[in-house]
Amino acid sequence: MLALVRLRRGVVGESRRVCHLIPVPDAPVPGHLTALCGEPIFPADAEVLDGLRGMPCHPCLLRSATPGQGLLANAG
C-alpha cells in the first residue's frame, strides 16, 4: 500500500511541496520514510493526504507505474 504525502508548509518552499508516494510500513512508523523517488521524509515534517492534491512528484509517479506494454506507445 502507498501513502500520498507532502512536506508541511514552512519545512520547504512551496515549489518543493510536491506529493510523494511512500510505501506504508507494516511495523510502527520508523524515524524516517523513503519516498519511491528516494527522498527521505521525516514523519513530523510531512502531512498524509486523503486524496490527490497539488503537484505530484514525477519520479515517484514513474516508479509507481506497473511495467506494461508501451504505456506511452499509443499516446498519440
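Okay, so let's go over this structure. Counting restarts for each chain, with residues numbered from 1 along the sequence as it is written. A pLDDT threshold of at least 70 governs which residues receive local features in this predicted model, and a stricter bar of 80 or more applies before side-chain atom pairs are shown or counted, although totals over entire chains, interfaces and linings include all residues. Working from all heavy atoms in the structure, the side-chain values ignore hydrogens and water.

**Topic: the overall build of the chain**
Helices and strands together make up the secondary structure of the chain, namely one helix and five strands. Labels follow the DSSP assignment, with helices taken as runs of H or I lasting at least four residues and strands as runs of E lasting at least two, numbered in each case from the N terminus. Reading the chain from its N terminus to its C terminus gives the helix and strand order β-β-β-β-β-α. Within the chain, the proportion of its 76 residues that are buried is 25%. Should any heavy atoms of two residues lie within 4.5 Å, those residues are considered in contact. Of the contacts formed within the chain by residues at least 6 apart in sequence, a portion of 46% connects residues at least 24 apart. Values of accessible area rely on a 1.4 Å probe in the Shrake-Rupley scheme; residue burial ignores everything except the protein chains shown. Put simply, the chain shows about 5,500 Å² of open surface, and 59% of that area lies on carbon and sulfur atoms. Per-residue accessibility, obtained with a 1.4 Å probe over protein chains only, is compared with the maximum for each type, and a residue is labelled buried under 20%, exposed over 50%, and partly exposed between these values.

**Details of the sheet that holds strand 1 (residues 2-7)**
Pairing between two strands is assigned when DSSP locates at least 2 bridges connecting them. Taken in spatial order, the three strands line up as 2-1-5 in an open sheet, and their pairing is antiparallel. Because the sheet does not close on itself, it has two edges, and the strands there are strand 2 (20-23) and strand 5 (46-48). Neighbouring strand axes in the sheet, compared pairwise and without regard to direction, differ in orientation by 45° on average. As defined by bridge partners, strand 1 adjoins strand 5 across three bridges and the pair is classed as antiparallel. Axis angles are defined between N-to-C directions and span 0 to 180 degrees, where every axis is a line fitted to C-alpha atoms and, for a helix, only to the segment in contact.

**Concerning the pattern of salt bridges**
A side-chain nitrogen of Lys or Arg and a carboxyl oxygen of Asp or Glu constitute a salt bridge if their distance falls within 4 Å. Scanning all chains against the criterion turns up six salt bridges. Close ionic contact of Glu47 with Arg17 constitutes a salt bridge, the shortest N to O distance being 2.8 Å. Placement of Glu47 in strand 5 and of Arg17 in the loop between strand 1 and strand 2 is noted, with a sequence separation of 30 residues between them. Assessed through its relative accessible area of 8%, Arg17 is described here as buried. The partner of Asp50 in a salt bridge is Arg53, with the nearest N and O atoms 2.6 Å apart. In this structure Asp50 comes out as exposed when scored by relative accessible area, which is 69%.

**A few points about the side chain of Arg17**
As used in this structure description, the phrase polar contact means that two N or O atoms lie within 3.5 Å; if the pair is within protein, one of them must be able to donate a hydrogen and the other to accept it, and residues adjacent in sequence are counted only when both atoms belong to side chains. Within the structure, the side chain of Arg17 is placed 2.8 Å from the side chain of Glu47, a separation counted as a polar contact. Excluding its chain neighbours within four sequence positions, the residues that come into contact with Arg17 are Arg6, Leu7, Arg8, Arg9, Val12 and Glu47.

**Brief notes about the pairing of strand 1**
Counting buried residues along strand 1, five of its six residues qualify, which places the element largely inside the surrounding structure. The pairing of strand 1 with strand 2 spans four bridges and is antiparallel. When the sheet's bridge partners are listed, Val5 is paired in strand 2 with His20.

By themselves these figures say nothing about function.
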